[in-house]
Amino acid sequence: MKPPITDVELLDKYRQHTLKADDMAQTIQILSDVFSGGGNCNSAYLDAIKLPVLKAKIEELFRYLETLTRFHSLAERLNTKEVTLEFSNTQFILGDRQFATLDEVERVANNRALL
Amino acid sequence: MLNNNPYSQNTIPPTPPLPKQMVSTLYPPLRSSVLVKSMPEYEILYRWHNTNCSHDTRITLDLLSQTLGTYEVPAQRTLESINLNVIKQHMDDMITYLVLYQRFLALWNQLDAKLEYTNEAFVLDGHKFATLDEVERVIANRALL
């Protein structure tokens, strides 16, 4: 079984495949079509969609947006102390150190009184 | 590799001003949630169809679309301007509703459009049912007769 994608891999994935090009835009378009009618959803469109797939994509999208928001927030706070936070395709990079998760970044930054 | 990424070196990318179209739709009057997980199935369908949820859903989807479609990576200011939790809750509600409505429609077709829902129950030939499982059991029993 494939291990779940990490936060940094998720950020990198969306960076590599821009959101416009990604099928996420298509997913949202499908949902818009489903709700394009009046009060009820459009059952003709509903018949054609695979809800479990759609649900998984939406969950990933929100995980990405939450992670990106958290990254932005940490990077901005660290920037005030003239410390740079960035990420590669596998690691978060804080100064000369690398971290697998934003939790670790936050812990180390707190220990160094950077936050 | 890092030199090509939008967060490298100078770290936070500049946040361009929000497009006018987006500003006008920020903070839409989204309900935090009209659906409750413990709510009976018929009530979920009834509430969704009677409380303008589809309209709210379209607003949510427009907002998401604009958030994702404006820039290659959503700008920080854009993300700060939307209430992710509210939108996420609304999307969860939407999926809950769609899964249920898809199942209802399948049974509705199977029963020659005789299945209905009210704010009190599912109704089939004058009989009331609390869940779609119960309706399915009736269909299975009829098939045995």
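Look up a bit, the structure's there.
Just so it is clear, the model here is predicted, and its values are computed rather than measured.

Draft legend 1. The arrangement of the overall build of chain B in detail. For chain B, the helix and strand inventory stands at 6 helices and 3 strands. Starting at the N terminus and ending at the C terminus, chain B contains elements arranged as α-α-α-α-α-β-β-β-α. The burial tally for chain B puts 42% of its 145 residues in the buried class. Within chain B, residue pairs in contact and separated by at least 24 positions form 64% of the contacts whose partners lie at least 6 positions apart. When the accessible surface of chain B is summed, it comes to about 7800 Å², and 51% of that surface belongs to carbon and sulfur atoms.

Draft legend 2. Looking closely at the packing of helix H4 (residues 51-79) of chain A against helix H5 (residues 84-110) of chain B. Taken N-terminus to C-terminus, the directions of H4 of chain A and H5 of chain B make an angle of 175 degrees; their axes are 11 Å apart at the nearest point. By the angle between their axes, H4 of chain A is roughly antiparallel relative to H5 of chain B. Residues Leu51, Lys55, Ile58, Phe62, Leu65, Glu66 and Thr69 of chain A of H4 of chain A lie in contact with H5 of chain B, whose contacting residues are Leu84, Asn85, Ile87, Lys88, Met91, Met94, Ile95, Leu98, Val99 and Gln102 of chain B. Taken together, the residues of the contact of H4 of chain A with H5 of chain B break down into 11 nonpolar, 3 polar and 3 charged.

Draft legend 3. Spatial organisation of the sheet that holds strand E3 (residues 127-129) of chain B. Residues and elements named next belong to chain B. Strand order in this open sheet of 3 strands is E1-E2-E3, and the pairing throughout is antiparallel. Edge positions in the sheet fall to strand E1 (115-117) and E3, since each has one partner strand and no second. This sheet shows a mean twist of 30 degrees between the axes of neighbouring strands, independent of strand direction. With 3 bridges connecting them, E1 and strand E2 (residues 122-124) associate as antiparallel partners.

Draft legend 4. Representation of helix H5 (residues 102-111) of chain A in the model. All names here are of chain A. Every buried residue of H5 is listed here: Leu102, Val105, Val108 and Ala109. The buried residues of H5 all sit within an arc of 125 degrees when viewed along its axis, so they share a single face. Tucked inside the fold, the buried residues of H5 contact H4, strand E1 (85-87), strand E2 (92-94) and strand E3 (97-99). Positive backbone phi, approximately 55 degrees, marks Ala113, located one or two places after H5.

Draft legend 5. Inspection of the packing of aromatic side chains at higher detail. Tallied over the full model, the rule gives 10 aromatic pairs over all chains. Seen in terms of ring centroids, Phe87 of chain A and Phe92 of chain A are 6.5 Å apart; in terms of plane orientation they differ by 70 degrees. Their pairing is edge-to-face. The class for Phe92 of chain A is buried, based on a relative accessible area of 0%. Considering the side-chain rings of Trp48 of chain B and Tyr97 of chain B, the 4.3 Å spacing of their centres and the 0 degrees angle between planes classify their relative orientation as stacked. Here Trp48 of chain B, found in helix H2 (residues 41-50), pairs with Tyr97 of chain B, found in helix H5; they are 49 residues apart in sequence, far enough to count as distant. For Trp48 of chain B, a relative accessible area of 1% puts it in the buried group.

Draft legend 6. Highlighting unusual backbone geometry. Of note in this structure, Glu82 of chain A is not a glycine but carries a positive phi near 60 degrees. As for its position among the elements, Glu82 of chain A is in the loop between H4 and E1. At Ala113 of chain B, a residue that is not glycine, the phi angle is positive and equals roughly 65 degrees.

Draft legend 7. Examining the packing of H4 of chain A against H5 of chain A more closely. Residues and elements named next belong to chain A. One can describe the packing of H4 onto H5 by two numbers: an axis separation of 11 Å at closest approach and a directional angle of 20 degrees. Comparing the axis directions of H4 and H5 gives the class roughly parallel. H5 is crossed by H4, and the crossing has left-handed handedness. Side by side, H4 and H5 meet where Thr67, Arg70, Phe71, Leu74, Arg77 and Leu78 of the first sit next to Leu102, Asp103, Val105, Glu106 and Ala109 of the second. In terms of residue class, the contact of H4 with H5 is built from 6 nonpolar, 1 polar and 4 charged.

Basis of the calculations
- Residues numbered from 1 in each chain as written.
- Chains lettered and ligands numbered in written order.
- Predicted model: local features only at pLDDT ≥ 70, side-chain atom pairs only at ≥ 80, totals over all residues.
- Heavy atoms only, no water.
- Helix = DSSP H or I, 4+ residues; strand = E, 2+ residues; numbered from the N terminus.
- Buried < 20%, exposed > 50% of the residue type's maximum accessible area, 1.4 Å probe, protein only.
- Contact = heavy atoms within 4.5 Å.
- Areas by Shrake-Rupley, 256 points an atom, 1.4 Å probe, with all protein chains shown as cover.
- Axes fitted to C-alpha atoms, helices over the stretch in contact; angles between N-to-C directions.
- Parallel < 35°, antiparallel > 145°, perpendicular 65-115°, else oblique.
- Nonpolar A, V, L, I, M, F, W, Y, C, P; charged D, E, K, R; others polar.
- Pairing = 2+ DSSP bridges.
- Arc of directions from axis to C-beta.
- Phe/Tyr/Trp six-rings, centres within 6.5 Å; stacked < 30°, edge-to-face > 60°.
- Left-handed = near helix turned anticlockwise from the far one by under 90°.

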